[in-house]
Amino acid sequence: MIYPAAGSMLYMLLELITAFLFGGLLLGLHRKIIARIQGRPGPPIVQHLIHTFKFYIKELTIPETSSMPLYVAIVLALSAVWVLAFLVGPVLLGPFSIIIMCYAVHKVSEHGIGLASGSPYTKMGSTRAVLSATAEMPLIVAPALVFFKTHTLVLSDIINYQILHGSLFMDLPLAAIATFILLLSKTPFNPFGIVWGKDIVSGYKTEHFGVIRGVMMFGEILGFFVLLWCFLTIFFGGIFNTPLTIMLTMIGVTIILGFICALTPMIAPYHSVMIQWIFALLALINVLFI
Amino acid sequence: MKIQKQTKNRILAVLTTLPILIGIILNTPLVISVAILTFFVPPSTYYLGLVLMALPKSKKEEDEREKITFTGY
Amino acid sequence: MPYFDYLPHIVLFTVGTLIGLEVSYKWHSEPFVNKKIEPIPLIIALIGGGLIVIYAPLGLLFLGFVVGMRPGYGVYETVLGILFALILWVILVII
């Protein structure tokens, strides 16, 4: 077998395809677990991937009220952001700050997706995206604490530090929990998912269907993979640092996320933001242990 | 008009997929590869999707498209 | 080590689940009823469980067939297949 050199285009493309398929299966598993807990048979595990491919062959209609170039471009930007985050994170083990930037830009593009189509539901969703962006405090707190502990934000150095000194979870448990809450707020059907809540139909993606929804789901699957990977690598990098262990642990974390999502109700927008802030403040207590 | 749109989408699909293929063949340096993948993967999936979307899925659908069912207002 | 070492595993598992979904809808078109263990999926699951220890991607293809069956079907078969794989793994690898 010809092995592509690390860092070559083929290498990264293959990694991208693997992450996409695996992330899709994870999200399918997540749905299956929710259904099982709620006493339904639930969709098969491939359902999320089938959905994504199905949307690729569905007709795309663009609403007349939408602002056309933005309607398509912002979705492409959303998935480009996650492709970049994936390449910088799991593939190249580059700076963590770029992933944080990608996350922030992803929030902005969520807002843009909501505004681009003229529907009131998507506008409501995009307003909530701005509101929930204020709840991303754990995203600032966790890397700051990691930096003060390890004196680096480059992911490969963080992993090396953890291999030498033990996982950061032992030193920064509260920051890890705050990051877990952040991860939870990105999974479908979560209690903090005010952005795509069913009370506003589907939130910011109400008007997006057809091919453009497929591209959006492609980005979201990659995003889920990247966030799971970041959580595991930054806080458990000492234990899980080979692809096999990381992928198996991702399945485990997805099962836990499924349990949480199935058993919690959707929280009202302001409460959702407040609870995430509480976890971020709790993480700050970790400063005392550094 | 419809055929023109399909050809336009096909051209754009080829144009957005080409840099990735060229990158694989020429083995471009790391930074350029990352840039190409970031900029061209989402549009290429989008335009490939548009091309796939417009293709008839079955013989029946192909016949349906030939028929004029609605003559307009 | 790259992630795409596991690309064959993931692709074959996905293909297996897709085949399982199609085939099991051919087998059962009736409304869902609580049912017992079926022989054919059980055999496939056991083959999958056995192959997983020898060549994992192919084993995952067969196991995926059972996992991907129509919702509600193939649950016990999946569990039995995984248990069989575990037992085989303990016997072959650990002992």
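Provided above is the structure to which this section pertains.
Model, not experiment: these values are computed from the prediction. (Residues numbered from 1 in each chain as written. Chains lettered and ligands numbered in written order. Predicted model: local features only at pLDDT ≥ 70, side-chain atom pairs only at ≥ 80, totals over all residues. Heavy atoms only, no water.)

## Brief notes about the packing of aromatic side chains
Link 1 in the chain: Tallied over the full model, the rule gives 15 aromatic pairs over all chains.
Link 2 in the chain: Ring centres 6.2 Å apart and planes at 80 degrees place the aromatic pair Trp82(A) and Tyr103(A) in the edge-to-face group. Taken as a pair, Trp82(A) in helix 3 (residues 68-91) and Tyr103(A) in helix 4 (residues 96-116) lie far apart in primary sequence, 21 residues in all. The residues Trp82(A) and Tyr103(A) share a single accessibility class, namely buried.
Link 3 in the chain: Summarising the aromatic geometry, the rings of Trp27(C) and Phe65(C) are spaced 6.2 Å apart at their centres and angled 65 degrees between planes, so their arrangement reads as edge-to-face. Of this pair, Trp27(C) sits in helix 1 (residues 7-27) while Phe65(C) sits in helix 3 (residues 56-67), and the two are 38 residues apart along the sequence. (Phe/Tyr/Trp six-rings, centres within 6.5 Å; stacked < 30°, edge-to-face > 60°. Helix = DSSP H or I, 4+ residues; strand = E, 2+ residues; numbered from the N terminus. Buried < 20%, exposed > 50% of the residue type's maximum accessible area, 1.4 Å probe, protein only.)

## What about the nonpolar core?
Link 1 in the chain: Core analysis: the largest hydrophobic core is formed by 110 residues, its most contacted members being Phe86(A), Phe235(A), Met250(A) and Tyr46(B).
Link 2 in the chain: By residue number, the principal contributor to this core is helix 10 (residues 211-236) of chain A, which donates 19 residues.
Link 3 in the chain: With residues near it in sequence (within four places) discarded, Phe235(A) still touches Ala142(A), Val146(A), Gln162(A), Ser167(A), Leu168(A), Phe169(A), Leu172(A), Ala175(A), Ala176(A) and Thr179(A). (Core = buried A, V, L, I, M, F, W, Y, C linked by side-chain atoms within 4.5 Å. Contact = heavy atoms within 4.5 Å.)

## Observations regarding helix 3 of chain A
Residues and elements named next belong to chain A.
Link 1 in the chain: Between its first and last C-alpha, helix 3 extends 34 Å over 24 residues, near the 34 Å set by a 1.5 Å rise per residue.
Link 2 in the chain: Within helix 3, 18 of the 24 residues are buried, which leaves the element mostly enclosed by the surrounding structure.
Link 3 in the chain: At the exit of helix 3 stands Leu93, carrying a positive phi of roughly 50 degrees. (Expected span 1.5 Å × (residues − 1).)

## Remarks on the layout of surface pockets
Link 1 in the chain: Taken as a whole, the largest pocket holds about 1400 Å³ of empty space.
Link 2 in the chain: If you trace the largest pocket, you find 35 residues lining it, with Ile251(A), Phe13(C), Leu60(C), Leu63(C) and Ile82(C) closest to the centre.
Link 3 in the chain: Classifying every residue of the lining of the largest pocket by side-chain character gives 29 nonpolar, 4 polar and 2 charged. (1 Å grid on protein atoms, 1.4 Å probe; cavity = no way out; pocket = protein on both sides within 12 Å on 5 of 7 lines; lining within 4 Å. Points joined across faces, edges and corners; volume = space filled by probe spheres on them. Nonpolar A, V, L, I, M, F, W, Y, C, P; charged D, E, K, R; others polar.)

## Points about empty space enclosed by the protein
Residues and elements named next belong to chain A.
Link 1 in the chain: Evaluated as defined, the whole model comprises 2 cavities of 30 Å³ or more.
Link 2 in the chain: Considering only enclosed or pocket space, the largest cavity measures out at about 160 Å³ in volume.
Link 3 in the chain: If you trace the largest cavity, you find 16 residues lining it, with Phe96, Leu139, Thr179, Leu182 and Cys230 closest to the centre.
Link 4 in the chain: Residue assignment for the lining of the largest cavity shows that the elements contributing at least two residues are helix 4, helix 6 (137-150), helix 9 (173-184) and helix 10.
Link 5 in the chain: When the residues that make up the lining of the largest cavity are grouped by side-chain class, the tally is 15 nonpolar, 1 polar and no charged.
Link 6 in the chain: The computed volume of the second largest cavity comes to approximately 80 Å³.

## As for the interface of chain B and chain A
Link 1 in the chain: The interface of chain B with chain A comprises 22 residues on the first partner and 24 residues on the second.
Link 2 in the chain: Buried surface at the junction of chain B and chain A, summed over both partners, amounts to about 1900 Å²; 84% is from carbon and sulfur atoms.
Link 3 in the chain: Of all residues in chain B, Leu37(B), Tyr46(B) and Met53(B) bury the most surface against chain A, accounting for 30% of the area lost on that side.
Link 4 in the chain: Counting every contact that joins chain B to chain A gives 0 salt bridges.
Link 5 in the chain: The tally of links between chain B and chain A comes to 0 residue pairs in polar contact (both at pLDDT 80 or more).
Link 6 in the chain: Elements with a minimum of two residues in the side of chain B that touches chain A: helix 1 (2-26) and helix 2 (30-54) of chain B.
Link 7 in the chain: In terms of residue count, the dominant contributor to the side of chain B that touches chain A is helix 2 of chain B (15 residues).
Link 8 in the chain: A class-by-class count of the residues in the side of chain B that touches chain A yields 14 nonpolar, 7 polar and 1 charged. (Buried area = accessible area lost by both parts, 1.4 Å probe. Salt bridge = Lys/Arg side-chain N within 4 Å of Asp/Glu carboxyl O. Polar contact = N/O pair within 3.5 Å; in protein donor to acceptor, adjacent residues only side chain to side chain.)

These results come straight from atomic positions and should not be treated as a statement about function.
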